[in-house]
Amino acid sequence: MELSRIFIIIISASLINNFVLSRFLGLCPFIGVSKKMDSAIGMGMAVTFVLTLASIIIYLVNKYVLLALHVEFLRTVTFILVIAALVQLVEMFIQKFSPILYEALGIYLPLITTNCAVLGATLINVSEKYNLLESTAHGFGAGVGFTIALILMSSIREKLENSKIPESFKGAPTAFLAAGIISLIFLCFKGIIAE
Amino acid sequence: MKIAEFTKGFIKENPIFVIMLGLCPTLAVSTKTVYGLGMGLATTVVLLGSNTIISLIKNFIPDKIRIPSYIVVIATFVTIVDYMLHAYVPPLHKALGIFIPLIVVNCIILGRAEAFASKNNVGDSILDALGIGLGFTLSLTILALIRELLGSGTITLKMLDYGWVWKIKGFKPLSIMILPPGAFITIGILMGIFNHFKMKAEGKK
Amino acid sequence: MYNISVSPHIHSKESISRIMWDVVIALIPALLASIYFFGMRAFWMEVVTVIAAVLSEIFIKLLLKRKITISDGSAVVTGLLVAYNMPVGAPFYVPVVGAVFAIVIVKELFGGLGNNIFNPALAGRVFVMFAWLPEMTTWHAPLKSGWWQHGFNFFSAKLDAVTTATPLAVAKLQGLSNLVAQFSDKADMYWNLFIGNCGGCIGETSALALLIGALYLLKRKVIIPVIPVTYIATVFVVTYLAGADPVFHILAGGLMLGAFFMATDYVTTPITIKGMIIFGIGAGLMTVLLRLKGGLPEGVSFSILLMNTLSPLIDRYTAKRKIYGYKK
């Protein structure tokens, strides 16, 4: 029972309510990093890692600090500071263990802090009242969906490099149009879950 | 105080169409005109608050902790706006949902703090905040207007019994426009058109 | 110096023209079937949509200062395909907007013929489907008689025909046996599905008409059978394994139209044979998943579009050498 619910949460967050294409979370890096496949995959994995870890830590902070001390109004400040600290740690970790990835991600790594997907996922975990396991699954699913969207976008944008797109539409405008059509296609997943 | 600091937020450094920051709330809340207006103004208020405070205390913050301290300032203003909207304009609060607390990660605000408020005096920082904030609000409201008009056939400028709602008669709206694909496609086209005129204007100089 | 062209099937202007007009010819049997089963309204819808497609191509090309090549027939093909995906009762503005969206946004803004990622007609169809969902999900039964009696009516359809559910919808919501009950027996049902005597979009119902056109294209070497055969075979096998009726699923819905006329678009599908097989299998799996488990009774359009989205990725991993350019 638990397992199928977890599975549904993951599928839901990654395909049916894809964070980028359906919930509009994580758009800045989505447009910014989706030009090359390699950086897209790297960014996707980094964000998934942060999302999963953040879901766990923030769940604990929310439960044992904010709710215990009745200081819910500090939620926004606390959550974002925890995320910022987490990203710093992840950054140092990657720098130490994979300097190549660190180079490739460059400025985009610290920018994960301002990635609405991370804060967004944790806020949704709270509003949906997920328990620890569900929160973790949700964060993980969100990351998977984000990565899928990034990979699809980057493969398309790499192909579009050689297309004769009108000058004023090159880059971001066409990326948005492509995202729109992919988002249109993803709408077909909406009906699948009712079980 | 330079007036250019105020006007740059509308075209040259338009936060949505040029710098492309704050995309998440832009696409998410632009389903009704009044929501776009509300989000834009809420963001402007936070921007004003944070730019002002950061510009005032910039000399007292040690460099090492400047980003976290900016975040605390911004988050504080976001929390204030969040609770005030919840208390005084509940329908708007409900419609904007998680995108109100998400103002804290709206890169526009941290960006302006880092790029401008930390390096300029209070007066210029206020103008900067107003210019960028209002440029953001204007772009967001226009986007919301287009989406609502095409997607629902209405223009809603009503909140809590103030204002009005205008409806086109005999128009079968394209429901897709208020769904995510409509958002992406609308902003893609708007950005392309915006770029076109911007490039034309720059080519003429 | 490399000369970069996107779809490496390097065609001359004349050959693109020949291909497109061959496709138009291949679509004529389905056109005749649409008139026979749904009346003159189907014909007028097709005419209006094609005109809309051609005009939007002229308009956008003038705006973008590109050469106008409507004589190559590609706009006509897109217009026809959009129309074929319409229920006969849809107000004419639905396919018109679909055609404009397909040509202007999906095709031209992505770089024009040869550069688009997504099948324009299908993307246009899906766009208007969610724009005007009720209009796009109301079907009429085929005419019992008198195809010449139903004329032109732009905004609404005043048809004598009764609204009905498509075979796929009946099978999905009420079970296949309920559908069989509408005919004398199973074989009778198969026959009617095959010739197109059932509810559905005007160009998709007649498997017979579409197959005739497909055979023409195969003979003229405009399409190769890899994707259509793989796609249809996958649907057959998977529906059988899932406990559904495979023959029914091959004949019902938009599978024939999709497999032979949309999934064979060389621009939006993989380049290598291996890639094409992956495309066919992927589309087949997705179609069955959506038909059996999805919210809507049909899944062909989404499946093909999804595979279009994956095609650059498929090419990346199956194409052995850098094929996006040749040395000048």
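Note: the structure precedes this text.
Residues numbered from 1 in each chain as written. Chains lettered and ligands numbered in written order. Predicted model: local features only at pLDDT ≥ 70, side-chain atom pairs only at ≥ 80, totals over all residues.

Peer 1: Explain the overall build of chain C residue by residue, including any values.
Peer 2: If you tally the helices and strands in chain C, you get 15 helices and 4 strands. For chain C, buried positions account for 55% of its 328 residues. Of the contacts formed within chain C by residues at least 6 apart in sequence, a portion of 76% connects residues at least 24 apart. (Helix = DSSP H or I, 4+ residues; strand = E, 2+ residues; numbered from the N terminus. Buried ≥ 20, exposed ≤ 12 C-beta atoms within 10 Å, placed from the backbone. Contact = placed C-beta atoms within 7 Å.)

Peer 1: Tell me what's going on with the environment of B:F17, and back it up with residues and numbers.
Peer 2: Tracing the backbone shows B:F17 in the loop between helix 1 (4-7) and helix 2 (23-29). Along the primary structure B:F17 and B:F194 are separated by 177 residues, whereas in three dimensions their C-alpha atoms are 7.2 Å apart.

Peer 1: Now, about the interface of chain B and chain A: what can you tell me, with residues and values included?
Peer 2: Listed per partner, the contact involves 33 residues of chain B and 31 residues of chain A. The set of elements that each furnish at least two residues to the side of chain B that touches chain A consists of helix 2, helix 4 (66-88), helix 6 (107-117) and helix 8 (180-204) of chain B. If you tally residues by element for the side of chain B that touches chain A, the top one is helix 8 of chain B, at 11 residues. Split into classes, the residues belonging to the side of chain B that touches chain A amount to 26 nonpolar, 6 polar and 1 charged. (Nonpolar A, V, L, I, M, F, W, Y, C, P; charged D, E, K, R; others polar.)

Peer 1: Provide a residue-level description of the interface of chain B and chain C, including the pertinent values.
Peer 2: If you look at the interface, chain B gives 5 residues, while chain C gives 5 residues. Partitioned by chemical class, the residues of the side of chain B that touches chain C number 3 nonpolar, 1 polar and 1 charged.

Peer 1: Summarise the nonpolar core; cite the residues concerned and give the values.
Peer 2: In this structure, A:A117 and B:I74 are the most contacted members of the largest nonpolar core, which totals 224 residues. For A:A117, the residues in contact, after removing those within four places along its chain, are A:F19, A:L25, A:G26, A:V47, A:L51, A:A142 and A:F146. (Core = buried A, V, L, I, M, F, W, Y, C linked by C-beta atoms within 7 Å.)

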